[in-house]
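Fold and contact review
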Amino acid sequence: MSAKTFVAVMAVLAVIGLLGFGLLSKGEAAIAVGDPAPDKELASLDGAGSGRLADYRGGWVLVNFWASWCDPCRDEAPALEAFGRAHQGGDFTVLGINLDDTTDDALGFVREYGLTYPQLRDGDGRERRDAYGMTGFPESFLVNPEGEIALIRRGPVDAKYLEDEVLPAIRSN
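None of the values given here were measured: they were computed from a predicted structure. (Residues numbered from 1 in each chain as written. Predicted model: local features only at pLDDT ≥ 70, side-chain atom pairs only at ≥ 80, totals over all residues. Heavy atoms only, no water.)

Some words on the sheet that holds strand β7 (residues 149-154)
In a beta sheet, neighbouring strands are held together by backbone hydrogen bonds and run either parallel or antiparallel to one another. Taken in spatial order, the 7 strands line up as β2-β1-β5-β4-β3-β6-β7 in an open sheet, and their pairing is mixed. Two strands lie at the open edges of the sheet, namely β2 (50-51) and β7, each paired on one side alone. Pairing of strand β6 (residues 139-143) with β7, which is carried by 5 bridges, proceeds in the antiparallel orientation. Across the sheet, the residue bridging to Val143 is Ile149, located in β7. Its contacts with the sheet put helix α5 (residues 159-171) on β3 (60-66), β4 (92-99), β6 and β7, and the angle it makes with β7 is roughly 165 degrees. (Pairing = 2+ DSSP bridges. Helix = DSSP H or I, 4+ residues; strand = E, 2+ residues; numbered from the N terminus. Contact = heavy atoms within 4.5 Å. Axes fitted to C-alpha atoms, helices over the stretch in contact; angles between N-to-C directions.)

In structure tokens, the structure reads:
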């Protein structure tokens, strides 16, 4: 093997090693069931004030991170709206948090799917993605009345997941 080939192989191996380390490190930073849910005051999507997860303390909250350009987010929106309407009240809410989007696109998404649950917005979303250890869109986190993560769903939810996983959790108290 020539010196040039050896250097090229070592460079490729170094890049693969760094990518692997990055993926493993990201997984270690992710939150887990039982951890306190990260919270931060965010602007309301409609521009009328702000809100935070702590505003819902004492009840169950299904925090759903989404973006209007995300096809799986579009697929799950009707199920989230139906579930939220069926179970809304003082002890449960769906809370949408829009990331990586323009306000106009996000508002168009909310109108298109007739979403009635509260919506917050975090512009570029970097801080929220890091705080929750997000790996993509959409992702949902069920937060218990004490503010701890009870369920984590990395990927879209559907009616079956909501009925089989989320509903039993929120009925357990």
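Section: the pairing of strand β5 (residues 119-122)
Here β5 shows no split at all, with Gln119 and Arg121 on one side and Leu120 and Asp122 on the other all buried. Pairing geometry for strand β1 (residues 42-44) and β5, over 2 bridges, is antiparallel. Across the sheet, Ala43 pairs through a bridge with Arg121, a residue of β5. One ladder, built from 4 bridges, connects β4 with β5; its direction is parallel. Residue Gly96 lies in a different strand from β5, and its bridge partner there is Gln119. (Buried < 20%, exposed > 50% of the residue type's maximum accessible area, 1.4 Å probe, protein only.)

Points about the nonpolar core
Ranked by internal contacts, the top residues of the largest apolar core, which has 44 residues, are Phe92, Tyr132, Leu142, Leu162 and Val166. Those elements that place two or more of their residues in this core are β3, α2 (71-87), β4, α3 (103-113), β6, β7 and α5. Beyond its immediate stretch of four places on either side in the chain, Leu162 contacts Leu62, Ala79, Leu80, Phe83, Val157 and Leu167. (Core = buried A, V, L, I, M, F, W, Y, C linked by side-chain atoms within 4.5 Å.)

Section: the packing of aromatic side chains
Inspection of every chain in the model, using the stated rule, returns 7 aromatic pairs. Ring centres 4.7 Å apart and planes at 55 degrees place the aromatic pair Tyr132 and Phe141 in the tilted group. Assessed through its relative accessible area of 1%, Tyr132 is described here as buried. Its relative accessible area of 0% is what places Phe141 among the buried residues. In this structure an aromatic cluster arises from ring pairing among Phe65, Tyr132 and Phe141. Over the aromatic face of Tyr161 sits the side chain of Arg153, whose NZ or CZ is 4.4 Å from the ring centroid. (Phe/Tyr/Trp six-rings, centres within 6.5 Å; stacked < 30°, edge-to-face > 60°. Lys NZ or Arg CZ within 6 Å of the ring centre and 35° of its normal.)

Notes on the environment of Val33
Mapping Val33 onto the fold places it in the loop between α1 (3-29) and β1. Note on Val33: relative accessible area 54%, which makes it exposed. Every residue in contact with Val33, bar those within four places of it in the chain, is listed here: Ile149, Ala150, Leu151 and Ile152.

Looking at the pattern of salt bridges
Within the structure shown, the criterion is met by 10 salt bridges. The residue Arg52 makes a salt bridge to Glu41 at a minimum N-O spacing of 4.0 Å. Linking Arg52 in the loop between β2 and β3 with Glu41 in the loop between α1 and β1, this pair joins segments that are 11 residues apart in sequence. Between Arg154 and Glu139 there is a salt bridge, with the nearest N and O atoms lying 2.4 Å from each other. Of the two residues, Arg154 sits in strand β7 while Glu139 sits in strand β6, which places them 15 residues apart along the sequence. (Salt bridge = Lys/Arg side-chain N within 4 Å of Asp/Glu carboxyl O.)

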